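Spelled out from the first residue to the last, the chains are:
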There are 4 protein chains.
Amino acid sequence: MTMYNPPRRHLISQLAHVELLTPCVEKSAAYFHDLLGMEISATEGDSVYLRGWGEYFHHSIKLTQSRLPGIGHFSYRTTGPEALETLAAEIAASGRGEGFIDGDVGHGRAYRFTMPEGHVGEIFWEVERIAVPPEERSIIVSRAQRYIIRGVPARRLHHVTLFASDTKGAREFLQDTVSLITTELVRFDGTAHELLVMMTANVQDHDMGITWDQFGATSPGRFNHVALWYDTREEIMRVADLCFDHHHPMEFGPTRHGGTELFFMYVTEPGGNRIELCTGGYVNYEPDRPIFEHLASEGGAVMWGNPFPQEMHGIGTPPVDPKTGLVIEPPAVTA
Amino acid sequence: MTMYNPPRRHLISQLAHVELLTPCVEKSAAYFHDLLGMEISATEGDSVYLRGWGEYFHHSIKLTQSRLPGIGHFSYRTTGPEALETLAAEIAASGRGEGFIDGDVGHGRAYRFTMPEGHVGEIFWEVERIAVPPEERSIIVSRAQRYIIRGVPARRLHHVTLFASDTKGAREFLQDTVSLITTELVRFDGTAHELLVMMTANVQDHDMGITWDQFGATSPGRFNHVALWYDTREEIMRVADLCFDHHHPMEFGPTRHGGTELFFMYVTEPGGNRIELCTGGYVNYEPDRPIFEHLASEGGAVMWGNPFPQEMHGIGTPPVDPKTGLVIEPPAVTA
Amino acid sequence: MTMYNPPRRHLISQLAHVELLTPCVEKSAAYFHDLLGMEISATEGDSVYLRGWGEYFHHSIKLTQSRLPGIGHFSYRTTGPEALETLAAEIAASGRGEGFIDGDVGHGRAYRFTMPEGHVGEIFWEVERIAVPPEERSIIVSRAQRYIIRGVPARRLHHVTLFASDTKGAREFLQDTVSLITTELVRFDGTAHELLVMMTANVQDHDMGITWDQFGATSPGRFNHVALWYDTREEIMRVADLCFDHHHPMEFGPTRHGGTELFFMYVTEPGGNRIELCTGGYVNYEPDRPIFEHLASEGGAVMWGNPFPQEMHGIGTPPVDPKTGLVIEPPAVTA
Amino acid sequence: MTMYNPPRRHLISQLAHVELLTPCVEKSAAYFHDLLGMEISATEGDSVYLRGWGEYFHHSIKLTQSRLPGIGHFSYRTTGPEALETLAAEIAASGRGEGFIDGDVGHGRAYRFTMPEGHVGEIFWEVERIAVPPEERSIIVSRAQRYIIRGVPARRLHHVTLFASDTKGAREFLQDTVSLITTELVRFDGTAHELLVMMTANVQDHDMGITWDQFGATSPGRFNHVALWYDTREEIMRVADLCFDHHHPMEFGPTRHGGTELFFMYVTEPGGNRIELCTGGYVNYEPDRPIFEHLASEGGAVMWGNPFPQEMHGIGTPPVDPKTGLVIEPPAVTA
């Protein structure tokens with residue numbers, strides 16, 4: 001029986017930025033800047049703000065110095081000022097609201113909320129658009145930033161994926177209260193448990209993923225990955241070549257996902273967080289599109305002849321001890 | 001001064017299909033089927049209905065036998081049944097409405113309208129989704145049709161571009177009455193005349209183009225091109241290789257547009273209509289995005305070192321005699 | 001200490017063709033023709049002769065119906081008629097010669113020899129060049145065959161890789177007696193045993209590979225794979241997509257080798273033989289180039305984040321029972 | 001009637017380096033280093049020596065400060081020390097020899113010669129192989145230099161193309177005296193005049209080109225271009241993107257040649273010399289391969305829909321005044 005989302009309410013327009021926590025913010029920033037070719041929009045306090053060459057807003061990645069790696073928060077932009085108030089009120093009514101903050105570098109007043117296992121989300125409306133010095137502007141009017149010659153430049157933020165022990169609970173909160181759409185769903189065979197969920201605020205295959213964390217009960221709120229978008233597969237393969245010869249860790253790929261059909265590679269930034277580099281996938285403009293659903297046993301993790309490393313199902317940030325399921329306290333790292 | 005669109009009304013979800021007129025429907029259908037790898041969804045009367053491998057609806061291209069080549073109609077899907085009624089009423093009030101038709105193969109009841117220079121448009125809601133025989137289904141749940149091994153298969157319909165002598169008039173009708181969004185605008189220097197307009201129903205760089213026709217006054221309602229989307233540049237270059245060695249006409253490219261930054265090639269199908277094959281471009285999720293505007297003299301037709309053939313500005317279907325500006329009556333062609 | 005080859009004698013110009021044995025020659029031929037886009041040059045007796053679109057000779061792959069899969073023979077072309085006589089006499093003197101045969105479809109008189117573990121090789125000079133019907137010729141004079149629209153067409157034969165228990169013995173025979181050059185060598189740590197050897201008749205990274213067979217003692221003369229060359233990585237990824245959705249077995253890849261740095265994928269043709277699809281690699285024009293040598297422990301099987309499946313080290317044709325090390329007698333298969 | 005080369009003598013192994021003259025050697029060096037990702041192997045006197053990431057010798061491009069742009073010399077490596085002496089003696093006997101020089105940075109004793117219209121060539125044997133600091137070595141043993149992260153790194157020198165008014169005379173000297181092989185030949189219709197000639201020392205489609213110079217009679221010895229090789233088309237398209245947004249001149253392409261079928265782009269380095277970036281093409285291992293010959297009227301300059309700019313037939317370095325056919329004396333430029 002095909003499942004559908006409720007009618008779209010058009011309260012949220014897009015995933016706008018993700019904050020990563022890193023025990024070595026300078027090394028992490030150098031990785032995003034030098035290898036992934038992102039631009040530093042601002043540095044303030046313990047945080048560095050970065051953007052891809054094809055983005056429209058002040059930043060899409062915020063790196064913040066922290067004792068442990070993981071996610072700080074994820075942030076969606078609403079479709080307007082009223083939508084922000086409407087949605088904030090609804091989240092408050094759900095009991096998961098944390099109230100408004102004054103904003104941050106690059107955007108205005110934002111309403112924060114906490115997901116069932118502790119992940120922090122945010123919605124906002126007022127945004128500072130990308131400000132490029134005249135000599136770095138593109139000739140093309142639709143793109144503020146000229147092409148970047150440094151590294152292998154990522155175009156834009158694509159999605160964020162969280163770890164959860166109760167993936168269904170996380171999905172229902174984001175769907176019912178935050179108004180995201182569910183696009184794909186992988187269930188464990190013979191149960192109602194959900195191994196992997198994909199959701200979106202718009203027409204993209206997904207901008208939010210939730211994947212089952214075997215250690216989620218003892219170490220809730222962990223982070224799986226954030227994904228950056230490239231226009232071509234060749235760019236991602238060039239990152240792989242550079243990682244190989246310059247000793248940056250690669251975790252899996254380049255190869256091709258089954259669900260979404262994104263071509264992708266997982267790498268690890270110096271702070272320990274998993275970064276996905278991806279291209280392809282799909283857009284679906286149907287307001288009444290069905291939820292694409294299948295069983296874990298039906299495969300789909302990868303399409304080609306590169307088997308998915310099963311141990312990845314437990315790997316995220318902060319890292320946990322597989323025996324105890326508890327977060328590993330890292331040795332002191334200096335940025 | 002940056003221009004903006006009025007707030008989005010979310011009445012239309014996407015460009016759904018385009019009907020091309022061709023004096024040799026069988027040859028045209030063979031071209032789309034054999035070279036561009038599209039599937040034939042239906043053949044009925046004088047028309048052949050085709051779809052790309054990555055589409056969700058019954059068809060995106062309808063080919064109809066006709067004395068002259070050109071466009072039959074373009075068709076947008078609304079965001080729901082009420083949106084269809086609302087929009088139909090508004091178009092009727094504008095005086096450009098033609099009333100409802102019962103529908104066509106693959107979709108239900110549709111409201112037709114005529115643009116100022118005669119192009120016929122349509123809106124509808126009820127759609128037949130792609131029905132693939134079980135043995136041709138993909139393993140991937142998000143894609144109904146398995147990958148096609150024939151030719152160089154196009155993924156989906158991307159946009160349609162019309163010719164008009166009063167591009168501004170055409171744009172204002174589509175923007176104000178049909179609720180499309182203007183995304184890019186190229187003006188002739190020192191005038192309010194518009195050389196090229198790009199519009200969309202959603203977040204795509206454009207799904208509708210309007211370009212200035214120097215013969216539009218004497219031969220109104222002409223067609224510039226319809227564009228099919230590929231996932232990679234290599235596919236489009238393979239079409240170019242095959243066109244070269246198999247004697248199919250190429251008009252321009254592969255190279256890269258300035259506006260939208262789409263990688264593209266123009267080819268000519270046997271009926272004489274221009275087809276664009278494209279990939280790249282951008283999505284913009286901002287509900288309040290500015291209209292990207294520049295002057296014709298600022299360039300942007302192409303980004304790379306392949307000069308744009310100026311004669312293309314007058315070439316479309318049906319073809320005209322450049323001396324008289326009148327449509328050339330073709331010799332009889334049999335399919 | 002860097003090793004070098006003896007001075008080049010320029011007796012052999014290139015690997016010209018490889019004969020595969022298959023228990024289902026019609027299915028195998030359909031696979032090469034329909035999926036890999038090769039042309040059938042001839043069908044004679046139990047054999048089908050195929051060529052890639054960018055080849056100059058009558059055929060590069062010969063498929064022959066056989067009870068068991070595996071390799072029939074590999075064949076090098078000499079640099080001239082005298083070189084054929086010279087080399088034949090030297091091979092005869094080595095005691096491994098089998099004498100001249102009259103030739104085969106597509107080439108003249110050939111001298112056959114048997115390698116230490118039973119693989120059959122051949123050298124010849126007179127060759128029939130590709131004969132393409134006028135309507136299938138390319139416009140390009142340097143390429144006889146126009147681009148093929150069917151499947152994902154392989155350009156040409158690239159290399160053949162044999163299995164051997166004594167890889168060093170096999171290498172020394174091909175180097176000292178057949179005059180091939182050794183290009184790369186992977187040794188097991190702390191021993192003189194060679195895990196993998198790459199050799200060539202010319203400037204290519206390799207056209208002959210020899211890899212260690214753990215079952216070579218009990219089942220000598222097995223076949224590892226034959227490799228076909230594509231111009232681009234995208235073509236190989238398209239084969240992967242088609243294999244996935246059309247249920248053709250993929251064994252490993254697409255990903256990138258360490259040694260040679262070829263981008264590649266291993267697939268299995270219906271007869272059970274492994275086929276490699278590859279692109280990239282290198283040419284080295286130095287007559288005095290060093291042998292590139294490293295230890296197995298230093299890695300290099302793959303460059304990216306897709307781990308090499310260790311079980312592949314024993315998989316070849318004909319297949320063996322891992323418990324007994326003896327060839328598995330297949331159930332009767334009809335073509 | 002198919003033409004063939006005389007039997008191969010194997011005296012020359014490869015094109016080793018090309019010296020470009022530039023009025024602004026520092027700007028030129030920055031272009032090759034920063035944009036084309038080449039490594040600086042040495043700087044000595046007025047010259048800068050560069051190499052690509054996939055090369056085996058000390059350098060492949062030498063840039064020398066000069067009043068006018070153009071070619072300094074081109075240099076082939078022989079197949080051994082005896083071959084150097086043999087060839088030097090034969091060139092001396094032709095009357096075009098200039099005698100031995102002591103060598104240059106990166107290679108030993110070299111014999112110089114002057115072509116009929118004044119281009120300077122050189123042959124040598126002793127070469128300094130690439131010396132990479134340990135921390136910049138690749139993990140891959142077959143490649144000394146690890147992948148370069150800077151710019152869009154060219155892999156290696158591919159070919160050099162000279163301008164000549166008597167292309168046939170130039171070809172006959174290189175073929176008969178220097179022992180290069182002719183691979184492709186384009187004749188003007190109805191004459192014995194040759195518009196374009198391609199030659200090689202080995203199996204490559206060409207490493208030497210000679211193209212007809214309409215100003216060759218009044219300004220002999222001009223330079224057409226030097227070509228650098230990339231592994232993929234995407235890299236060349238990325239150079240095009242960067243040239244566009246960073247204001248580096250593009251002359252033509254990216255598109256695809258007919259002859260050789262190389263995918264390519266022509267750019268102009270700051271000194272004014274044309275640089276070709278290319279990939280694809282073919283290898284032909286046949287010792288008895290025919291010369292691929294066709295008429296200028298049969299096309300083949302480009303395969304796709306991007307017309308070749310006819311004015312390029314007269315553009316080279318040093319530049320000439322089209323009215324007088326004499327070299328334009330440049331305004332003083334400082335490096």
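Going by the structure above, here's the rest.
Structural notes, computed from the coordinates. These figures come from a predicted structure and were not determined experimentally. (Residues numbered from 1 in each chain as written. Chains lettered and ligands numbered in written order. Predicted model: local features only at pLDDT ≥ 70, side-chain atom pairs only at ≥ 80, totals over all residues. Heavy atoms only, no water.)

### Some details on the overall build of chain A
Now for step 1: Scanning chain A from terminus to terminus reveals four helices and 18 strands.
Now for step 2: In terms of overall dimensions, chain A is globule-like: its C-alpha atoms have a radius of gyration of 19 Å, near the 20 Å expected for 335 residues.
Now for step 3: Along the first, second and third principal axes, the C-alpha atoms of chain A reach 55 × 45 × 40 Å.
Now for step 4: Taking all 335 residues of chain A together, 64% fall into the buried category.
Now for step 5: Of the contacts made within chain A by residues no fewer than 6 positions apart, 68% connect residues no fewer than 24 positions apart.
Now for step 6: Within the structure as shown, chain A displays about 11300 Å² of accessible surface, and the carbon and sulfur contribution to it stands at 55%.
Now for step 7: Mean positive and mean negative side-chain charge positions of chain A (27 and 44 charges, respectively) differ by 3 Å. (Helix = DSSP H or I, 4+ residues; strand = E, 2+ residues; numbered from the N terminus. Rg over C-alpha atoms; globule rule 2.2 N^0.38 Å. Buried < 20%, exposed > 50% of the residue type's maximum accessible area, 1.4 Å probe, protein only. Contact = heavy atoms within 4.5 Å. Areas by Shrake-Rupley, 256 points an atom, 1.4 Å probe, with all protein chains shown as cover. Lys, Arg positive; Asp, Glu negative; His and termini not counted. Charge placed at Lys NZ, Arg CZ, Asp CG, Glu CD.)

### Here we look at the packing of aromatic side chains
Two descriptors summarise a pair of aromatic rings, namely the distance from one centre to the other and the angle between the planes of the rings.
Now for step 1: In the structure shown here, the tally under the stated rule is 48 aromatic pairs over all chains.
Now for step 2: Here the aromatic rings of C:Y31 and C:F32 are separated by 6.1 Å at their centres, their planes lie at 80°, and the arrangement is edge-to-face. C:F32 matches C:Y31 in its accessibility class, with the two residues each being buried.
Now for step 3: With a centroid separation of 6.1 Å and an interplanar angle of 85°, the aromatic rings of D:F74 and D:Y76 are classed as edge-to-face. Neither D:F74 nor D:Y76 differs from the other in exposure class; each is buried.
Now for step 4: These aromatic residues form a ring-pair network of at least three members: A:F74, A:Y76, A:F113 and A:F173. (Phe/Tyr/Trp six-rings, centres within 6.5 Å; stacked < 30°, edge-to-face > 60°.)

### Quick notes on the relation of the copies chain D and chain A
Now for step 1: Here chain D sits on chain A after a turn of 180° about the axis and a move of 0.0 Å along it, with an RMSD of 0.0 Å. The symmetry that links the two subunits is that of a two-fold axis.
Now for step 2: Of the interface residues in chain D, 100% have counterparts in chain A that sit at the interface too, so the contact is made through matching surfaces. (Least-squares fit on C-alpha atoms with pLDDT ≥ 70 in both.)

### Overview of the sheet that holds strand β2 (residues 12-22) of chain A
All names here are of chain A.
Now for step 1: Taken in spatial order, the eight strands of this open sheet run β3-β4-β5-β2-β6-β9-β8-β7, and their pairing is mixed. Every interior strand has two partners, whereas the edge strands, β3 (39-44) and β7 (97-101), have only one. Between one strand and the next, the sheet's axes are offset by a mean angle of 20°, whatever the strand orientation. (Pairing = 2+ DSSP bridges. Axes fitted to C-alpha atoms, helices over the stretch in contact; angles between N-to-C directions.)

### Section: unusual backbone geometry
Now for step 1: Here B:G253 and B:P254 are connected by a cis peptide whose omega angle stands at 5°.
Now for step 2: Although it is not a glycine, B:H247 adopts a positive phi angle of roughly 65°.
Now for step 3: Residue position: B:H247 is located in the loop between α4 (233-246) and β15 (250-256).
Now for step 4: Overall, the relative accessible area of 61% leaves B:H247 in the exposed class.
Now for step 5: The phi angle at C:H10 is positive, at roughly 50°, despite the residue not being glycine.
Now for step 6: Inspection of the secondary structure puts C:H10 in the loop between β1 (3-4) and β2 (12-22).
Now for step 7: Residue class for C:H10 comes out partly exposed when judged on its relative accessible area of 32%.

### Focus: the interface of chain D and chain A
Now for step 1: The partner chain A presents 23 residues to the 23 residues of chain D that form the contact.
Now for step 2: Counting each side, the surface lost to burial between chain D and chain A is near 2000 Å², with a carbon and sulfur contribution of 60%.
Now for step 3: On the chain D side of the contact with chain A, D:Y147, D:I149 and D:D245 bury the most area, a combined 32% of that side's loss.
Now for step 4: Where chain D meets chain A, there are two salt bridges.
Now for step 5: If you list the elements that add at least two residues to the side of chain D that touches chain A, you get α1 (25-35) and α4 (233-246) of chain D.
Now for step 6: A total of seven residues in the side of chain D that touches chain A trace back to one element, the largest contributor, which is α4(D).
Now for step 7: Partitioned by chemical class, the residues of the side of chain D that touches chain A number nine nonpolar, six polar and eight charged. (Buried area = accessible area lost by both parts, 1.4 Å probe. Salt bridge = Lys/Arg side-chain N within 4 Å of Asp/Glu carboxyl O. Nonpolar A, V, L, I, M, F, W, Y, C, P; charged D, E, K, R; others polar.)

### A closer look at the side chain of C:N273
Residue and element names in this part refer to chain C.
Now for step 1: Residue placement: N273 occurs in the loop between β16 (262-268) and β17 (274-280).
Now for step 2: Given a relative accessible area of 0%, N273 falls into the buried group.
Now for step 3: At 2.9 Å, the side chain of N273 and the backbone oxygen of L21 are in polar contact.
Now for step 4: At 3.1 Å, the side chain of N273 forms a polar contact with the backbone nitrogen of G70.
Now for step 5: Beyond its immediate stretch of four places on either side in the chain, N273 contacts L20, L21, P69, G70, F223, V267, T268 and T317. (Polar contact = N/O pair within 3.5 Å; in protein donor to acceptor, adjacent residues only side chain to side chain.)

### Digging into the environment of B:R156
Now for step 1: Summarising the element assignment, B:R156 is placed in strand β10 (residues 156-164).
Now for step 2: On the basis of relative accessible area, B:R156 is assigned to the buried category, the value being 15%.
Now for step 3: Spatially, the C-alpha atom of B:R156 lies 5.9 Å from that of B:G54, the residues being 102 residues apart in sequence.
Now for step 4: Discounting residues that sit within four places of it in the chain, B:R156 has contacts with A:V283, A:Y285, B:E55, B:Q204, B:A227, B:L228 and B:W229.
Now for step 5: In this structure the side chain of B:R156 is engaged in a polar contact, spanning 3.2 Å, whose partner is the side chain of B:Q204.

### Some points on the packing of helix α4 (residues 233-246) of chain A against helix α4 (residues 233-246) of chain C
Working note: a packed helix pair is described by the angle between its axes plus the distance between those axes.
Now for step 1: With their axes 11 Å apart at the nearest point, α4(A) and α4(C) run at an angle of 105° to one another. Taken together, the axes of α4(A) and α4(C) are roughly perpendicular relative to one another. Across the interface between the two elements, A:R233, A:E234, A:M237 and A:D241 of α4(A) pack against C:R233, C:E234, C:M237 and C:D241 of α4(C).
Now for step 2: Residue composition of the contact of α4(A) with α4(C), by class: two nonpolar, no polar and six charged. (Parallel < 35°, antiparallel > 145°, perpendicular 65-115°, else oblique.)

### Regarding the sheet that holds strand β16 (residues 262-268) of chain A
Residue and element names in this part refer to chain A.
Now for step 1: One open sheet holds the 10 strands; their spatial order is β1-β18-β11-β12-β13-β10-β14-β17-β16-β15, and the pairing between them is mixed. Lying at the two open borders of the sheet, with one neighbouring strand each, are β1 (3-4) and β15 (250-256).
Now for step 2: Inspection of the sheet shows β1 paired to strand β18 (residues 290-295) by two bridges, in the antiparallel sense. Directly across from Y4, in β18, lies its bridge partner P290.
Now for step 3: Running at roughly 15° to strand β12 (residues 194-200), helix α3 (residues 167-176) makes contact with β10 (156-164), β11 (181-187), β12 and β13 (208-212) of the sheet.

### Thoughts on the pattern of salt bridges
Any two side chains of opposite charge can pair if their charged atoms end up close together.
Now for step 1: Applying the stated criterion across every chain yields a total of 80 salt bridges over all chains.
Now for step 2: The shortest N-O distance in the salt bridge between B:R171 and B:E194 comes to 2.9 Å. Here B:R171, found in helix α3 (residues 167-177), pairs with B:E194, found in strand β12 (residues 194-200); they are 23 residues apart in sequence, far enough to count as distant.
Now for step 3: For B:E194, a relative accessible area of 1% corresponds to the buried category.
Now for step 4: With a closest N to O distance of 2.3 Å, D:R129 and C:E286 form a salt bridge. Linking D:R129 in the loop between β9 (120-124) and β10 (156-164) with C:E286 in the loop between β17 and β18 (290-295), this pair reaches from one chain into another.
Now for step 5: Salt bridges here are not isolated pairs; linked through shared partners, they connect A:R77, A:R129, B:E286 and B:D288.

### Here's the deal with the interface of chain D and chain C
Now for step 1: Counting residues at the interface gives 42 residues for chain D, matched by 42 residues for chain C.
Now for step 2: With both sides pooled, the region where chain D packs onto chain C buries about 3400 Å², and carbon together with sulfur makes up 54% of that total.
Now for step 3: Three residues stand out in chain D for area buried against chain C, namely D:Y56, D:V141 and D:Y285, and they jointly supply 19% of the buried area on that side.
Now for step 4: Linking chain D to chain C there are eight salt bridges.
Now for step 5: C:R129 is the partner of D:D288 in a salt bridge, and the nearest nitrogen-oxygen pair spans 3.2 Å.
Now for step 6: Counting across the chain D and chain C interface gives 17 residue pairs in polar contact (both at pLDDT 80 or more).

### Brief notes about the pairing of strand β5 (residues 61-65) of chain B
Residues and elements named next belong to chain B.
Now for step 1: Where burial is concerned, most of β5 is hidden: four out of the five residues are buried.
Now for step 2: Bridging between strand β2 (residues 12-22) and β5 involves five bridges; their strand directions are parallel. Bridging from a neighbouring strand, T22 pairs with Q65 of β5.
Now for step 3: Summarising the sheet, strand β4 (residues 47-51) and β5 pair through four bridges and their orientation is antiparallel. Paired with S47 across the strands is T64, a residue of β5.

### Quick notes on α4(C)
Now for step 1: The terminal C-alpha atoms of α4(C), which comprises 14 residues, lie 20 Å apart, in line with the 20 Å expected from a rise of 1.5 Å per residue.
Now for step 2: Among the 14 residues of α4(C), 14 are classified as buried, and the element is accordingly described as predominantly covered. (Expected span 1.5 Å × (residues − 1).)

### Here's the deal with the environment of D:S41
All names here are of chain D.
Now for step 1: Among the secondary structure elements, S41 is positioned in strand β3 (residues 39-44).
Now for step 2: Taking relative accessible area as the criterion, S41 reaches 23% and is therefore assigned partly exposed.
Now for step 3: Those residues in contact with S41, other than ones at most four positions away along the chain, are Y49, L50, R51 and H58.
Now for step 4: Within the local environment of S41, its side chain forms a polar contact with the backbone oxygen of H58, the two atoms lying 2.6 Å apart.

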